[in-house]
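One-letter residues, chain by chain:
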Amino acid sequence: MTAPSVPTAAPAPRARAAIAARTLRTDNWRKEPTITAAVLLSFVAYATWAAFKNADYYKPPYLSPFYSPCMASICGHARAGATVVHPPMVGLFGPWWAISPAIIVLIIPLGFRFTCYYYRKAYYRSIWRSPAACAVQEPHARYRGESKFPLIIQNAHRWFFYLGLLLNGILTYDAVEAFHFPSGWGHAGFGTLMLVVNAVLLWAYSLSCHACRHIIGGRLKHFSRHPVRFRLWGIVSKWNARHMEIAWVSLVFVALTDLYVRLVASGWVTDPRFF
Amino acid sequence: MSRELLLRIWRGDASGGDLVDFVVPVEEGEVVLDAVHKTQALHAGDLAVRWNFKAGKCGSCSAEINGHPRLMCMTRLSSLPSGPVTITPLRTFPVIRDLVTDVSFNYEKARQVPAFSPRPEQPVAPFIMYQQDVERSQEFRKCIECWLCQDVCHVIRDHEENKPHYSGPRFFIRWAELDMHPNDGLDRKEALQDTQGLGYCNVTKCCTEVCPEGIKITDNAIIPMKERVVDAKYDPLVRFARRRLRRARGTASSATSQGPGHG
């Protein structure tokens, strides 16, 4: 019997199909990343302008969410003569802090959103084009993703989540304070409504996030041994499925809330009082 | 109602190839695989295509239809825009001939998944797995291994050099399925991050978009595994709680070791 012939050298690695086109998609795949990039960059531009403006962010009892908690002593100057004093952390940064106090606090919501799993998808696709759309070749020669510095920093999302919850608490306090007009408690204007809706949306955004879903129950190995957490996990999972929509709505609304407070504070708009 | 359809099918092998036009008659309700079979019958008897039973469950007939990774047997011609239909082989894998690719990369990665390992403290009585624990991994068991998620994943689709250290979405759900099993005793998180390239995934969800079984690969497997890695390595509160727990356990065990009457 003849022994079967054995190849003397390993076969050369096979090549992929020779297709030069970057993609063969015929649909309008550029539309979604273009819209996403436009909205994201518009928000970044507005937030940067509003954060550095350092004026028109407070009109009793409304405080812009971009400037809350106002932790620099210059916030106190901004509110001289106001009968309502809030929030409670005014003056944590002394007179040496000369630039806008928004810079101190904005790092938290921006860090939370920057490291958010949904926004990662949004800007990786729309701005970094890695990839711009599925089955569309990305333009980068090398790719290491989030395995190495700098993008390994995305793992700080959990830190920002905890800090974001604290911030939500403070913004909820602001929303309650929005019923506290110089004439006393129990009044509400259109700004009150804006601040309340803003706080609700920010809680919805935080509680529907993937980190929250994981902490509530995702980290468990035995759902059956933790019926309460399993039930909560089920609720958060339902919200999590809508995380993208909530992320967009809350992002736009927080900018609208700042804009409204700004318009009222600068005298462009008179706040309609409901009661 | 019968009509003529222009198919542009990639034909060739590892040495080269190109799109070739074929016109075939198609009927209402037919899928792309039907049109490919007609091409074989009418024009190109030697056209290579991998398929099995046209029910969307064997995962054999994966290809790229108008640039989208899809199953040919589950893509109705009526769902495609009018005009020519382009069919190419999976771009991420080496081509063997025409629409058939060599997907052995995936079987190499499959061999690297550590098998299910029951906890050593397994009680004598049979382990009972409750429905809510079963359901969690049941989603991942729907995978038909069509490799569309592997094909669309840009980490290896656009960067061949990442293949040695990146498993891909299909295997992330396999690792997740085992890690989420209530009775699995292995700690797979760090191995998944360090040796299988979990950190390379940037959660752009293309794998989820192309999955014909509707598995939420990114939301239910990849992100939860990334979060488990965060638990192990990056979460300040979890680390603090673990340290406290370890200290408490140490105190308890030292109290126990002093004999009865001390704890």
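Residues numbered from 1 in each chain as written. Chains lettered and ligands numbered in written order. Predicted model: local features only at pLDDT ≥ 70, side-chain atom pairs only at ≥ 80, totals over all residues. Heavy atoms only, no water.

The next point concerns the pattern of salt bridges. Considering all chains together, one arrives at 29 salt bridges over all chains under this definition. Connected via shared salt-bridge partners are Arg158(A), Arg219(A), Glu227(B), Asp231(B) and Asp235(B). (Salt bridge = Lys/Arg side-chain N within 4 Å of Asp/Glu carboxyl O.)

This next bit is on the state of the cysteines. Under the definition given, this model contains one disulfide over all chains. Here Cys134(A) engages in a disulfide with Cys206(B); their sulfurs sit 2.2 Å apart. In this structure the cystine formed by Cys134(A) and Cys206(B) twists about its S-S bond by roughly -90°; its chirality is therefore left-handed. Of this pair, Cys134(A) sits in the loop between helix H4 (117–126) and helix H5 (157–177) while Cys206(B) sits in helix H8 (residues 206–210), on two different chains. By relative accessible area, Cys134(A) is classed as buried at 5%. We classify Cys206(B) as buried; its relative accessible area is 5%. (Disulfide = S-S within 2.5 Å. Helix = DSSP H or I, 4+ residues; strand = E, 2+ residues; numbered from the N terminus. Buried < 20%, exposed > 50% of the residue type's maximum accessible area, 1.4 Å probe, protein only.)

For the rest of this paragraph, the subject is the interface of chain B and chain A. Taken residue by residue, the interface counts 64 residues in chain B and 52 residues in chain A. With both sides pooled, the region where chain B packs onto chain A buries about 5000 Å², and carbon together with sulfur makes up 51% of that total. Together, Arg91(B), Arg136(B) and Glu227(B) form the three largest contributors to the area buried by chain B at its contact with chain A, with a combined 14%. Here chain B and chain A share seven salt bridges between them. (Contact = heavy atoms within 4.5 Å. Buried area = accessible area lost by both parts, 1.4 Å probe.)

Glancing now at a nonpolar patch on the surface. All names here are of chain A. A surface patch of nonpolar side chains, amounting to about 370 Å² of accessible area, comprises Ile-35, Val-39, Val-252, Leu-256 and Leu-259. Elements with a minimum of two residues in the nonpolar patch: helix H1 (31–53) and helix H9 (243–265). Among the elements that make up the nonpolar patch, the one with the highest residue count is H9 (three residues). Considering the arrangement of structural elements, one finds Val-39 in helix H1. (Patch = residues over 30% accessible without salt bridge, like charges linked within 9 Å, V, L, I, M, F, W, Y side chains within 5 Å. Areas by Shrake-Rupley, 256 points an atom, 1.4 Å probe, with all protein chains shown as cover.)

Moving on to the domain arrangement of chain B. All names here are of chain B. By domain assignment, chain B separates into domain 1 (3–101) and domain 2 (104–237). Each partner contributes residues to the interface: domain 1 has 14 residues there, and domain 2 has 17 residues. Summed over both partners, the interface of domain 1 with domain 2 buries about 1200 Å², with 56% contributed by carbon and sulfur atoms. If you sort the residues of domain 1 by the area they bury against domain 2, Pro-69, Thr-92 and Phe-93 come out on top, with a joint share of 49%. Put simply, domain 1 and domain 2 have two salt bridges between them. Ionic pairing is found between Lys-57 and Glu-213, a salt bridge with its closest N-O pair at 2.6 Å. Applying the counting rule to domain 1 against domain 2 returns six residue pairs in polar contact (both at pLDDT 80 or more). For the side of domain 1 that touches domain 2, the secondary structure elements donating two or more residues are strand E3 (62–65) and strand E4 (68–71). (Domains from an automatic or database assignment. Polar contact = N/O pair within 3.5 Å; in protein donor to acceptor, adjacent residues only side chain to side chain.)

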